[in-house]
Amino acid sequence: MDRLENSVRPYAWGSTTALPELLGQEPTGRPQAELWMGAHPGAPSRIDRGAGPLPLSEVIDAAPERELGTPAVRTYGPRLPFLLKLLAAAAPLSLQVHPDSTQAARGYADEEARGIPLDAPERNYKDDSHKPELLCALTPFEGLCGFRHPEEAAALLDGLGVPGLKPYVDILHARPGGEALREVLSALLTADRDAMAATVAEAAEAAAGRPEYAVYADIAHHYPGDPGVLAAMLLNHVVLRPGEALFLAAGVPHAYLGGLGVEIMASSDNVLRCGLTPKHVDVPELLRIVRFEHTEPGVLRPEADEVSGEEVYEAPVGEFRLSRFVLLPGAPAHPLDPSAAQILLCTAGAVVLHGGTDGTEELALAPGQSAYVPAEEPVRISGDGTLFRATAAV
């Protein structure tokens, strides 16, 4: 077992208070958006096995089969296939979508062949992997996920009474579902920027003070004039209660709006943005990746194992598996499946990890603290608190 030293990402949309409150620290006054746990090269966690702190990525690179297990290396390669985060949003994140595995591989190969530098602002594909995600709410958490039915989107836009929105309302009424959504999103993102900014400003003014439009007025406040404000109205608005989760599959447009949650994803950087961002928006590639179909958000609730008490958030991917334990004081220590490497994160109370060949090694975790456990290392858990477990399917 290794205690993780983790990095905080200070993105502008981050909360100044949520992570410090969870960690029991004084706020710095600056945004603290994400706490990363894993071996992603962008901000790998560090562990100390007696020779000083080392990036977890370097430890895994030195002995991938010993750290991850042979089955995981055979399936996902010699790297930890997931990234775990605490995410604290105080403002909307960019409206975005992720490619599937085939799209990512083709897009990466194409951009490599064209010699586009990995750090170029117009680069879409930083690697050849897909990036499915799952977010579990620790507090009430707001987001946008998947397209509304076109008729619902038309009613929402029409209700603002803004003349500049009428062409989009007419398309949503006149075209078949997916075709209407594609045409409207394309029109919003390719319209004259000045004309669109004026329409967005008028829409924001019409939304002000109306409860049913409060979320969009807030988005417009953070991103004045951005066409993503109107694109957001095409999507389902979701409010998660603590313990509920969203799975974000390839091609599904989404954005997080506010709240604190545990997020897990395949270890990839592939993002195509639709709006609510000053960054590059590649409209033709975006339209190729987005799944233009209206869907229900599909809020997930964990399924509990009656024997172990492990509550699993089922997701149709192998790179990650997220589960939760609500531990009770006095209960016997519970063994965890050691078949793959795992990261254990405490989010409430106090949790103790029991490891070592004789079970006498102990590691205590407070809220916000986490540990890495290599494959085939026995570990049991006990305490009075909540523990999230991240691992991969093997």
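Predicted, not measured: the structure shown is a model, and the values here were computed from it.

Moving on, we get to a negative patch on the surface. On the surface, Asp337, Asp358, Glu361, Glu376 and Glu377 cluster together to form a negatively charged patch. With respect to the helices and strands, the residue Glu377 is situated in the loop between strand S20 (370-373) and strand S21 (379-391). Given the relative accessible area of 35%, Glu377 is considered partly exposed.

Attention now moves to the layout of surface pockets. Put simply, the largest pocket is a space of about 980 Å³. Along the wall of the largest pocket there are 42 residues; nearest its centre are Ser94, Gln96, Val271, Arg273 and Lys279. Elements that contribute at least two residues to the lining of the largest pocket include exactly strand S3 (34-37), strand S6 (82-89), strand S12 (254-266) and strand S13 (272-275). For the lining of the largest pocket, the element with the most residues is S12, which contributes 5 residues. Its volume calculated, the second largest pocket comes out at about 310 Å³. Lining the second largest pocket are 15 residues, with Ala39, His40, Pro41, Arg79 and Ser267 sitting closest to its centre. For the lining of the second largest pocket, the residue count by class is 4 nonpolar, 5 polar and 6 charged.

Geometry of a packed helix pair, given as the angle between the helix axes and the separation of the axes. Where helix H6 (residues 150-158) contacts helix H7 (residues 166-174), the two axes come as close as 9 Å, and the packing angle between them is 160°. Compared by their axis directions, H6 and H7 come out roughly antiparallel. Viewed along their axes, H6 and H7 form a crossing whose handedness is left-handed. Where H6 abuts H7, its residues Pro150, Glu151, Ala153, Ala154, Leu157 and Asp158 lie against Tyr168, Val169, Leu172 and His173. Partitioning the contact of H6 with H7 into residue classes produces 7 nonpolar, 1 polar and 2 charged.

What follows concerns the environment of Ala104. Within the secondary structure, Ala104 sits in helix H5 (residues 101-113). Sequence separation between Ala104 and Ala250 is 146 residues; the distance between their C-alpha atoms is 10 Å. In this structure Ala104 touches Pro99, Tyr125, Asp127, Asp128, Ser129, His130 and Asn270, once residues within four positions along its chain are discounted.

Where H7 contacts helix H8 (residues 177-190), the axes come no closer than 8 Å and their chain directions differ by 160°. Judged by the inter-axis angle, H7 sits roughly antiparallel to H8. Relative to H8, the crossing made by H7 is right-handed. Side by side, H7 and H8 meet where Tyr168, Ile171 and Leu172 of the first sit next to Ala180, Leu181, Glu183, Val184, Ala187 and Leu188 of the second. Tallied by class, residues from the contact of H7 with H8 come to 8 nonpolar, no polar and 1 charged.

This brings us to the pattern of salt bridges. Summed over all chains, the structure comprises 19 salt bridges. A salt bridge links Arg321 to Glu310, with the shortest nitrogen-to-oxygen separation between them at 3.1 Å. Taken together, the residues span a long stretch of sequence, with Arg321 in strand S16 (residues 321-327) and Glu310 in the loop between strand S14 (303-304) and strand S15 (311-313) at a distance of 11 residues. The class of Arg321 is partly exposed, set by a relative accessible area of 28%. Judged by its relative accessible area of 11%, Glu310 is buried. Residues Glu310 and Arg389 are paired through a salt bridge, measuring 3.1 Å at the closest nitrogen-oxygen approach. One end of the pair, Glu310, is in the loop between S14 and S15; the other, Arg389, is in strand S21, and 79 residues separate them in sequence.

Along the polypeptide, Pro44 turns up in the loop between S3 and strand S4 (46-48). Measuring from C-alpha to C-alpha, the distance between Pro44 and Tyr108 comes to 23 Å, with 64 residues separating the pair along the chain. Sequence-distant contacts of Pro44, that is, excluding residues within four places in its chain, are made with Gly38, Ala39, Pro55, Leu56 and Ser57.

Taken as a whole and assessed by the stated rule, the structure comprises 4 cavities of 30 Å³ or more. A volume near 60 Å³ is recorded for the largest cavity. Every residue along the wall of the largest cavity is listed here: Leu68, Ala72, Tyr76, Gly77, Arg79, Leu80, Pro81, Phe82, Ala340, Ala341 and Ala392. In terms of residue class, the lining of the largest cavity is made up of 9 nonpolar, 1 polar and 1 charged.

Criteria and cut-off values
Residues numbered from 1 in each chain as written. Predicted model: local features only at pLDDT ≥ 70, side-chain atom pairs only at ≥ 80, totals over all residues. Heavy atoms only, no water. Patch = residues over 30% accessible without salt bridge, like charges linked within 9 Å, V, L, I, M, F, W, Y side chains within 5 Å. Areas by Shrake-Rupley, 256 points an atom, 1.4 Å probe, with all protein chains shown as cover. Salt bridge = Lys/Arg side-chain N within 4 Å of Asp/Glu carboxyl O. Lys, Arg positive; Asp, Glu negative; His and termini not counted. Charge placed at Lys NZ, Arg CZ, Asp CG, Glu CD. Helix = DSSP H or I, 4+ residues; strand = E, 2+ residues; numbered from the N terminus. Buried < 20%, exposed > 50% of the residue type's maximum accessible area, 1.4 Å probe, protein only. 1 Å grid on protein atoms, 1.4 Å probe; cavity = no way out; pocket = protein on both sides within 12 Å on 5 of 7 lines; lining within 4 Å. Points joined across faces, edges and corners; volume = space filled by probe spheres on them. Nonpolar A, V, L, I, M, F, W, Y, C, P; charged D, E, K, R; others polar. Axes fitted to C-alpha atoms, helices over the stretch in contact; angles between N-to-C directions. Parallel < 35°, antiparallel > 145°, perpendicular 65-115°, else oblique. Left-handed = near helix turned anticlockwise from the far one by under 90°. Contact = heavy atoms within 4.5 Å.

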